[in-house]
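Each chain, letter by letter, is given below.
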Amino acid sequence: MKLTKDCAVIIAGELVASQGGSQSVEILASSVEVTGFVENPDTYPVSPKRHTVEYLREHAHLRIRTNLISSVARVRNTTSIAIHEYLQQNGFQWIHTPLITASDCEGAGELFKVTTLDLNNIPKNDKGIVDHKQDFFGREAYLTVSGQLNLETYCMGLSKVYTFGPTFRAENSNTTRHLAEFWMVEPEIAFATLMDDAALAQGMLKHVFKTVLNKNSDDMNFFAQFIDKSVVTRLESMVNDDFEMLSYTDAIKRLEASGKSFENPLYWGVDLASEHERFLCEELIGKPTIVTDYPKDIKAFYMRLNDDNKTVAAMDILAPGVGEIIGGSAREDRHDILVSRMKDAGIDHEMLSWYVDLRRYGSAPHAGFGLGLERAVSYITGVQNVRDIIPFPRTPKNAAY
RNA sequence: GCCUCAGUAGCUCAGUCGGUUAGAGCGACGGACUGUUAAUCCGCAGGUCGUAGGUUCGAUUCCUACCUGAGGCGCCA
C-alpha cells in the first residue's frame, strides 16, 4: 500500500506515549483502511512543498489542507467567538439584522441589487423606467452594506446590542483589504458618548487578542515562524498598552510637524490618505491609534455634529500594517440637525423616515462602531491579504467555488 | 475605476540581445536511510515558454489585442 500526502485513512490501534521528539503521543496501528487515495500525486495541487498564497487561492477548495490556511481558520473561529464572548459578558444582545434591505442610501458604498425580474425581459413602466412594482418586494432591494441603521432601532429598545454577520459591498476595490462579501461586527450602545464607544472598541480588541494568544498559541507561533516574526510580541504589547488616541486636528498637526513629504495633499479638511494613516500609526506612534473628531464634510450624515459645528464625533482605529480596522461614531440624536445633514448629503429622508422617527419618539444619545472581521484576523495573524482570511473570497471578477 | 508588474516543467523562478538538443530548486516517481515532524542521500522522468493575431526566411523571445493573477491608489471595514 502506497500512501501519499492527503490520502484519507481510518487507523485503529493503541494510543501510546511517543518516543519521538516534539510529539507526546502516537498510535501503534493494528489496522489501516484507506477511504480515499489521491489520484495523481504529481499534479495534486497541495503537494508537500511550500506554496504561495496566490496559488493556494486558486485552489480554494483544497487549501484548507495546508497548515497556513487551517491556522487562519482556527484563529478566525477564536476571534469570532471571542467577540461574542466579550459583548455577551458586557450585557449586549446579539441582533440579527436583515441582509436584504430596501434603503440604498446608507452612505457606505455601492450596493448589490436583489431582484427576481427577468433580466432578459425587464418590465418597464409608462415612463420607460424599470417597474419594480412587479419585482419580488414590489420595490428596489439590495444586499446590506451595514446593519447599523436597523440596529439603532433595537438599541432604542434594548440599550446594548450588536449585529455580527456578512456584509456586501459592490465596490470595484482591488486591494489586499477589501472583499465584496465580508463579516462585520457592529455594536451599538444607548446613552453613550464617543469616548464610551472607543473604550468598548479597545476593550473588545484586547479581549480578542488575549483569547487568541491563549487558545491558539501553536497557530500564532506558526505565523511567527513563517509569516511575520513580530505577530506574537505585537499582540502581547497590544494587550498591555493602551491605544494612542488623538483628534483628527492633532493628527494633521503631527503629520505636518513630521516634515515628511506625502504624495497626497495634507491640510485640515481633507480626508487622511492611506499613506498618512500608515505613517501616523506605524512610524509616528507605532501602535493602534484612535483618530477622533473628523471634519463633518468627509464623514457620514448620521455622525453627531460637535459643538464646534465643524467636526463630527467619529473615530477610526488604525492598526499598523492593515490600516483602518474599525470605524465608529456617536450618532446624531437631534432630529432637526439629522434632517438637515441628510439634506446636505442629498439623502431623501422620506425613504428613511423610520430612522428619523427614532429622533422623534424618545431620542437618546448613542454610539457604535463596525469592526471588519477579516481585517482583524489579518492583523492578528500577519497574513496580509484578506482573501486568505475568508474561506471563499468574493472580489471583483471572482466568485468561483 | 485608475496606475504598475507578471504569465516558461505539478509549484517557485532563471534564460533565450529572434536561429538546431529551454535550465535550477522544490514536488512527483524509483531506491536507500530513518524517531522523523515544511528530514537526509542516490537515481530518474517531466515543458507545442497564458490565448489569438501580426512582423520575420524563422518567434517562447519583438509588436498588438485579449484573458488570468499580483501589487499600489481611490472607496471603506
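Up top is the structure these notes are about.
Residues numbered from 1 in each chain as written. Chains lettered and ligands numbered in written order. Predicted model: local features only at pLDDT ≥ 70, side-chain atom pairs only at ≥ 80, totals over all residues. Heavy atoms only, no water.

A.B. asks: So what's going on with helix α7 (residues 248-257)? Which residues, and what values?
C.D. replies: Among all positions in α7, only Tyr248, Ala251, Ile252 and Leu255 are buried. Projected down its long axis, α7 carries its buried residues within an arc of 100°, all on one side. In α7, the exposed positions angled more than 90 degrees off the buried face are occupied by Lys253 and Ala257. Among the structural elements, β9 (244-247), α8 (274-285) and β10 (289-295) are those in contact with the buried residues of α7. Immediately beyond the C-terminal end of α7, within one or two residues, lies Gly259, with a positive phi of roughly 75°. (Buried < 20%, exposed > 50% of the residue type's maximum accessible area, 1.4 Å probe, protein only. Helix = DSSP H or I, 4+ residues; strand = E, 2+ residues; numbered from the N terminus. Arc of directions from axis to C-beta. Contact = heavy atoms within 4.5 Å.)

A.B. asks: Pulling in residues and values, what's your account of the packing of aromatic side chains?
C.D. replies: A complete count under the given rule lists 13 aromatic pairs for this structure. Each ring, one from Phe222 and one from Phe226, has its centre 5.1 Å from the other, and the planes form 45°; the classification is tilted. Of the two residues, Phe222 and Phe226 both sit in helix α5 (residues 217-226), four residues apart, roughly one turn of that helix. For Phe222, a relative accessible area of 16% puts it in the buried group. (Phe/Tyr/Trp six-rings, centres within 6.5 Å; stacked < 30°, edge-to-face > 60°.)

A.B. asks: Any chance you could break down the sheet that holds strand β4 (residues 100-101) for me, citing the residues and the numbers?
C.D. replies: Two strands in a sheet stick together by hydrogen bonds in their backbones, pointing the same way (parallel) or opposite ways (antiparallel). Strands sit in the order β4-β6-β5 across an open sheet of three strands; the sheet is antiparallel. Of all strands in the sheet, those bounded by a partner on one side alone are β4 and β5 (113-114). Both β5 and strand β6 (residues 141-143) contribute to a ladder of two bridges, which runs antiparallel. Looking at β6, one finds that Lys113 is bridged to Tyr142. (Pairing = 2+ DSSP bridges.)

A.B. asks: Summarise a nonpolar patch on the surface; cite the residues concerned and give the values.
C.D. replies: Together, Met1, Leu3, Val9, Ile11, Leu15, Val25, Ile27, Val32 and Phe37 make up an exposed nonpolar region whose accessible area comes to about 860 Å². The set of elements that each furnish at least two residues to the nonpolar patch consists of β1 (8-17) and β2 (25-36). Position of Leu3 relative to the elements: it lies in the segment before β1. (Patch = residues over 30% accessible without salt bridge, like charges linked within 9 Å, V, L, I, M, F, W, Y side chains within 5 Å. Areas by Shrake-Rupley, 256 points an atom, 1.4 Å probe, with all protein chains shown as cover. Salt bridge = Lys/Arg side-chain N within 4 Å of Asp/Glu carboxyl O.)

A.B. asks: If you had to explain the packing of helix α2 (residues 67-89) against helix α11 (residues 373-381) to someone new, which residues and values would you point to?
C.D. replies: Close contact between α2 and α11 brings their axes to 10 Å; oriented N to C, the two are set at 120°. Judged by the angle between their axes, α2 and α11 are oblique. α11 is crossed by α2, and the crossing has right-handed handedness. Residues Val75, Arg76, Thr79, Ser80 and Ile83 of α2 form the contact with α11, whose participating residues are Leu373, Glu374, Val377, Ile380 and Thr381. Classifying every residue of the contact of α2 with α11 gives five nonpolar, three polar and two charged. (Axes fitted to C-alpha atoms, helices over the stretch in contact; angles between N-to-C directions. Parallel < 35°, antiparallel > 145°, perpendicular 65-115°, else oblique. Left-handed = near helix turned anticlockwise from the far one by under 90°. Nonpolar A, V, L, I, M, F, W, Y, C, P; charged D, E, K, R; others polar.)

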